[in-house]
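Each chain, letter by letter, is given below.
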Amino acid sequence: MSIWEYANPVKFMKTSDKVLPWTIGLAAVTLITGLIWGYFFVPSAENFGGSVKVIYVHVPAAMMAINIWVMMLVTSLIWLIRRHHVSALAAKAAAPIGAVMTLIALITGAVWGQPMWGTWWEWDPRLTSFLILFLFYLGYIALWASVENPDTAADLTGVLCLVGAVFALLSRYAANFWNQGLHQGATLSMDQEQHIADVYWFPLLMCMAGFVLFFVALVLIRTRTEVRARRLGALQQRERMA
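Cut-offs used in this document
Residues numbered from 1 in each chain as written. Predicted model: local features only at pLDDT ≥ 70, side-chain atom pairs only at ≥ 80, totals over all residues. Heavy atoms only, no water. Helix = DSSP H or I, 4+ residues; strand = E, 2+ residues; numbered from the N terminus. Buried < 20%, exposed > 50% of the residue type's maximum accessible area, 1.4 Å probe, protein only. Contact = heavy atoms within 4.5 Å. Areas by Shrake-Rupley, 256 points an atom, 1.4 Å probe, with all protein chains shown as cover. Patch = residues over 30% accessible without salt bridge, like charges linked within 9 Å, V, L, I, M, F, W, Y side chains within 5 Å. Salt bridge = Lys/Arg side-chain N within 4 Å of Asp/Glu carboxyl O. Axes fitted to C-alpha atoms, helices over the stretch in contact; angles between N-to-C directions. Parallel < 35°, antiparallel > 145°, perpendicular 65-115°, else oblique. Left-handed = near helix turned anticlockwise from the far one by under 90°. Core = buried A, V, L, I, M, F, W, Y, C linked by side-chain atoms within 4.5 Å. UniProt positions renumbered as here; feature names shortened; annotations may be inferred.

*Asks:* Help me understand the overall build of the chain, please; the structure alone is not making it clear to me.
*Replies:* Counting its secondary structure elements, the chain contains six helices and zero strands. Element order for the chain, N to C, with α for helix and β for strand: α-α-α-α-α-α. In the chain, which comprises 242 residues, the share counted as buried stands at 41%. Taking as baseline every contact in the chain between residues at least 6 positions apart, the subset at least 24 positions apart corresponds to 76%. About 13,200 Å² of surface is accessible on the chain, with carbon and sulfur atoms providing 68% of the total.

*Asks:* Before we go on, may I ask you to explain a nonpolar patch on the surface in this structure?
*Replies:* Together, Ile32, Ile36, Trp37, Tyr39, Phe40, Phe41, Phe202 and Leu205 line one region of the surface with nonpolar side chains, adding up to about 820 Å² of accessible area. Among the elements that line the nonpolar patch, the one with the most residues is helix α1 (residues 9–40), at five residues. Secondary-structure assignment places Phe40 in helix α1.

*Asks:* Before we go on, may I ask you to explain the packing of helix α2 (residues 55–82) against helix α3 (residues 85–117) in this structure?
*Replies:* A packed helix pair is summarised by two numbers, namely the angle formed by the two axes and the spacing between the axes. Following both chains from N to C, one finds α2 and α3 inclined at 155 degrees, their axes separated by 7 Å at the closest point. With respect to each other, α2 and α3 are oriented roughly antiparallel. Once α2 is placed against α3, the crossing between them reads as left-handed.

*Asks:* Just to check I follow, could you spell out unusual backbone geometry for this structure?
*Replies:* Apart from glycine, the bulk of residues carry a negative phi angle, and the bulk of peptide bonds sit in the trans form. One non-glycine residue, Arg83, lies in positive phi territory at about 60 degrees. The topology assignment puts Arg83 in the loop between α2 and α3.

*Asks:* How do you make sense of the environment of Ile68 when you look at a structure like this?
*Replies:* Mapped onto the elements of the fold, Ile68 is located in helix α2. Its relative accessible area of 0% is what places Ile68 among the buried residues. In this structure, the C-alpha to C-alpha distance between Ile68 and Ala94, residues 26 residues apart in sequence, is 6.8 Å. Contacts of Ile68, omitting those with residues within four sequence positions, involve Ala94, Ile97, Gly98, Met101, Tyr137 and Phe215.

*Asks:* Just checking my understanding: could you explain the nonpolar core for this structure?
*Replies:* As a rule of thumb, soluble globular proteins bury nonpolar side chains together. Judged by nonpolar contacts, the single largest core of 39 residues is most densely connected at Ile68, Trp69, Met72 and Tyr140. The dominant element in this core, judged by the number of residues it contributes, is α2, at eleven residues. Among the nonpolar cores identified, the runner-up in size contains eleven residues, and Val42, Val54, Trp112 and Cys207 belong to it.

*Asks:* How should I be thinking about the pattern of salt bridges in this particular structure?
*Replies:* Opposite charge on two side chains lets them pair, provided their charged atoms get close. For the structure shown, the criterion picks out four salt bridges. Of the charged contacts, one joins Asp17 and Arg224 as a salt bridge, the two residues approaching to 3.7 Å between their closest N and O atoms. Here the residue Asp17 occupies a position in helix α1, and Arg224 occupies one in helix α6 (residues 198–241), the gap between them amounting to 207 residues. You can call Asp17 partly exposed: its relative accessible area is 48%. Classification of Arg224 as buried rests on a relative accessible area of 10%.

*Asks:* Sorry, what's going on with the UniProt feature "transmembrane region" (unreviewed entry) in the chain here?
*Replies:* Sequence positions flagged by UniProt for "transmembrane region" (unreviewed entry) are, in local numbering, residues 20–42, 54–81, 93–115, 127–147, 159–179 and 199–221. Taken end to end, residues 20–42 has its terminal C-alpha atoms 32 Å apart, with 91% of it in helix and 0% in strand. Secondary structure across residues 93–115 comprises 100% helix and 0% strand; the distance between its end C-alpha atoms is 36 Å.

*Asks:* Would you take a moment to explain the side chain of Thr102 for this structure?
*Replies:* Looking at the element boundaries, Thr102 is found in helix α3. Judged by relative accessible area, which is 0%, Thr102 ranks as buried. Discounting residues that sit within four places of it in the chain, Thr102 has contacts with Ala65, Phe130, Phe134 and Tyr137.

Here it is as structure tokens:
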């Protein structure tokens with residue numbers, strides 16, 4: 001068995017049909033458990049108060065915003081190299097989800113930053129790179145919508161993914177590249193001095209797992225929709241040519 005078998009639309013549809021219900025169920029359980037645990041059973045933090053609880057949405061959303069672009073980059077490279085249509089459609093399906101995750105990260109960051117920093121927005125390196133990443137998501141979606149030929153659109157958006165990957169990396173490591181800026185360092189770190197306390201860490205891990213599973217469920221649903229739409233378009237084109 002080869003992993004490339006799942007690039008076949010028929011194989012992908014059959015496999016995803018079996019996997020999807022389990023993914024949705026696990027996403028619901030982990031996400032609901034993590035959010036209830038974090039918002040109702042975790043104490044307020046010293047120096048942060050109750051506002052620390054925004055991390056249970058902000059951190060997973062920011063993590064997904066970056067990693068969804070990485071996923072799009074990988075699937076786009078698979079399309080550019082091996083010309084597997086499912087990979088191109090998966091990248092297309094993931095883009096709106098990534099845009100929403102980036103927007104959630106920006107909004108929750110502003111909500112958290114206002115009481116902490118005294119301002120809703122600052123041209124901090126990480127905040128600025130996240131804003132640019134959001135604009136790349138919008139540009140990617142617009143490029144897909146503006147090019148009529150799907151193969152050409154997949155080629156162009158694949159190249160855009162390569163360029164946008166730079167800002168995805170900057171969004172992750174900007175606070176390490178530049179010491180200036182208001183944004184704190186990594187919430188999860190191997191450094192015990194920077195790493196958050198276990199009482200906050202365990203529900204955060206649950207929320208992160210929930211966000212990952214939620215994304216997998218959404219991208220499977222949207223990719224299945226894109227595969228069906230492509231099939232319908234091919235059938236309509238055959239009818240016009242007949």
